[in-house]
Structures are given as C-alpha cells and as structure tokens.
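This is what each chain is made of:
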Amino acid sequence: MLKIWGLVLFCGLLTQSSAQLEAIPVDPAIPLRPAQSLTPPDPLSGLLGGLTKGLLNSNLLGILENLPLLDALKIGEGSSAGLIGGLLPKIVSLVPGLQDIISINITNPVLLELGLEQSPDGHRLFVTLPLGMVLELKTFLTGEILKLDVKLNIIVELIAVRDKDGKIHLVIGDCKNDPGSLKVTLLEGVLPSVVQGLLDTVTGTVIKVLPNLIQKEICPLVNDVLGNLDVTLVHDVAELLIHGIELHLKI
C-alpha cells in the first residue's frame, strides 16, 4: 500500500509541475530567438565584406596616407627633367639651390563601398575598389595651402582556376586603375595666377603618377587579403565561376 501511495504522489507532483510550466506567461519584452536559417549565406556579399574588412585591417588607409607621391613627382613620369626641375625653370634659376618648391601631404584616405561585376562568360569577377583622399599642396611661392580632392577606382580581376590536383582556387588576374575614374577637384585655397601653372602641372603629373603608385602598393595587398579569406567562402565563389554560373549580389 505504501508503494501505491508513493506512485500516486509522484504522478500528482508531475501533473502539478506540468500545469505550472504551461501557466508561465511569455514576457513580450524578451525577443524570441529566430529560427536558424538553412539557406547558405550569399557568397558574393561574403566576398565583398571579407575583402573590405581584410583591406582595412591590413592598413590600407595608412598605406595610402604614406604614398611617396612627392618623390614620384620629383622624378617625373616619362620626363628627364621631372616636375620640380622642369616646372618653373625661371624661378629655379633666380633662386639657386631651390629644389623643393612644393610639399604634398595625403590626408583623409577612404575606402568607399566595393562594387562587383561578372564577365559576360561568367568565369571572372571584376571587383571595384573606390578610393578617395585629399592632397594638401603647399607652394613656397605664396605660402598658400591648396587642397585637392582625389577619387580613383582600382579594378581587380578575380579568376577561378583548377590546379593539377583538380582543386579549384580563386586568383587575381589584372589589377589596375580605371583611367576614367580619376578625378582631381580643388577643395580649398586661393589660386593666384602665378600658381595656376603649378596646379595644372601637379594635376597632370598626379594623373600619370598616382595610379601607378597605388597599383604598386594596393594590388599585392589585395592578393594577400584574398589568400586569407575564409576557405569555404572562396571555394564556393570559385566553384560557381568555374562553371560560368550567373551570380546575383543580394542587397
């Protein structure tokens, strides 16, 4: 009889506990955790996000800020005289020993939102890296500081290749600037007539020199970042490209 009453008591407690659990109200202030989606993340969004994060973490902005632009301007591009030696020969001749008639600082470098385009054959991706910076140009002729806003896109070609073991990899093809994307705009500063020639020459030389400087520094950096991306993500993108499947970026 004792065992029977123990069983009855246990069942009663179990029923009471179940009733209490059912009676517990749900607090609307506590958000419910959404169910885990079985849909895999968009590989293109992951690729762009990974490249952006990797470039910023790899000191892209610091590299842009420390580009040896003035040295390149002194050397010149395709000119034996260079910018400094050939810009204002009369003034240089009037002031013997005057070599540094300008100074240039790069400030406020930015990486804007990356763009993406697939080739018509479906086997390549073209990633656009929009870069921006401000050139602070000081002329010792007037002491004025001119600020030039510079915009430039770097286009990186990504190709899917299969190695001798049959494994698929994502590699960089061409990496170069978009000539039509380079824009140099005067932001601040008074432009005396005596400096107009200087500004025109600097702008023209920047157009020739800056893309090569950026390409030299940024393209190897992009290659390093690509090599450190999530292996599964890179494989997924490469797998789609190797078969020429049309990709759509989810926004």
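Definitions and cut-offs
- Residues numbered from 1 in each chain as written.
- Predicted model: local features only at pLDDT ≥ 70, side-chain atom pairs only at ≥ 80, totals over all residues.
- Heavy atoms only, no water.
- Pairing = 2+ DSSP bridges.
- Helix = DSSP H or I, 4+ residues; strand = E, 2+ residues; numbered from the N terminus.
- Core = buried A, V, L, I, M, F, W, Y, C linked by side-chain atoms within 4.5 Å.
- Buried < 20%, exposed > 50% of the residue type's maximum accessible area, 1.4 Å probe, protein only.
- Contact = heavy atoms within 4.5 Å.
- pLDDT = per-residue confidence, 0-100.
- Salt bridge = Lys/Arg side-chain N within 4 Å of Asp/Glu carboxyl O.
- Expected span 1.5 Å × (residues − 1).
- Arc of directions from axis to C-beta.

## Examining the pairing of strand β5 (residues 168-177)
- The pairing of strand β4 (residues 145-162) with β5 spans 8 bridges and is antiparallel. When the sheet's bridge partners are listed, Ile155 is paired in β5 with Lys176.

## So, the nonpolar core
- Core analysis: the largest hydrophobic core is formed by 52 residues, its most contacted members being Leu69, Leu129, Leu135, Leu170 and Ile214.
- Broken down by element, the residue count for this core peaks at 11 residues, all from helix α7 (residues 193-227).
- Among all residues touching Leu135, those that are not within four sequence positions of it are Leu69, Ile104, Asn105, Ile106, Leu146, Lys147, Leu148, Val150 and Val206.

## Things to note about the environment of Glu217
- Summarising the element assignment, Glu217 is placed in helix α7.
- Using a relative accessible area of 32% as the deciding quantity, one classes Glu217 as partly exposed.
- Put simply, Glu217 and Leu64 are 153 residues apart on the chain and 8.4 Å apart in space, counted from C-alpha to C-alpha.
- The contacts of Glu217, once residues within four sequence positions are left out, are Ile63 and Leu67.

## Section: the confidence of the model for the protein
- Averaged over all residues, the pLDDT of the protein is 75; the fraction at 70 or higher stands at 63%.
- Mean pLDDT values over the elements of the protein span from 42, in helix α6 (residues 89-94), up to 95, in helix α3 (residues 60-65).
- Between residues 1-11, whose pLDDT stays under 50, and residues either more than four places distant or in other chains, the model counts 0 contacts.
- Scored below 50 in pLDDT, residues 77-99 shows 30 contacts in the model against residues more than four places distant or in partner chains.

## Structural notes on the pattern of salt bridges
- Taken as a whole, this structure holds 3 salt bridges when the rule is applied.
- Note that Arg124 is salt-bridged to Glu157, the shortest N-O span being 3.1 Å. Here the residue Arg124 occupies a position in strand β3 (residues 124-139), and Glu157 occupies one in strand β4, the gap between them amounting to 33 residues.
- Exposure remark for Arg124: the relative accessible area of 28% places this residue in the partly exposed category.
- In this structure, Lys151 engages Asp149 in a salt bridge whose closest nitrogen and oxygen atoms are separated by 2.9 Å.
- Judged by relative accessible area, which is 18%, Asp149 ranks as buried.

## A short note on the environment of Ile242
- Assignment of secondary structure puts Ile242 in helix α8 (residues 231-242).
- Considered as a pair, Ile242 and Ile159 are 83 residues apart in the sequence and their alpha carbons are 8.4 Å apart.

## Regarding the side chain of Thr107
- Within the secondary structure layout, Thr107 lies in strand β1 (residues 102-111).
- If sequence neighbours within four positions are ignored, Thr107 has contacts with Glu65, Met133, Val134 and Glu136.

## Considerations on helix α2 (residues 43-57)
- Compared with an ideal rise of 1.5 Å per residue, which puts 15 residues at 21 Å, α2 spans 21 Å between its outermost C-alpha atoms and is within 8% of the ideal.
- Residues of α2 that are buried include every one of Pro43, Leu44, Leu47, Leu48, Leu51, Gly54 and Leu55, and no others. Angular distribution of buried residues about the axis of α2 spans 140°; they occupy a single face of the element. Opposite the buried face of α2, by more than 90 degrees, sit the exposed residues Lys53 and Asn57.
- Of the residues flanking the end of α2, it is Asn59, one or two places downstream, whose phi is positive at about 70°.

## Describing the environment of Leu55
- Within the element layout of this structure, Leu55 appears in helix α2.
- Of the residues examined, Leu55 reaches a relative accessible area of 1% and is grouped as buried.
- Sequence separation between Leu55 and Val222 is 167 residues; the distance between their C-alpha atoms is 6.9 Å.

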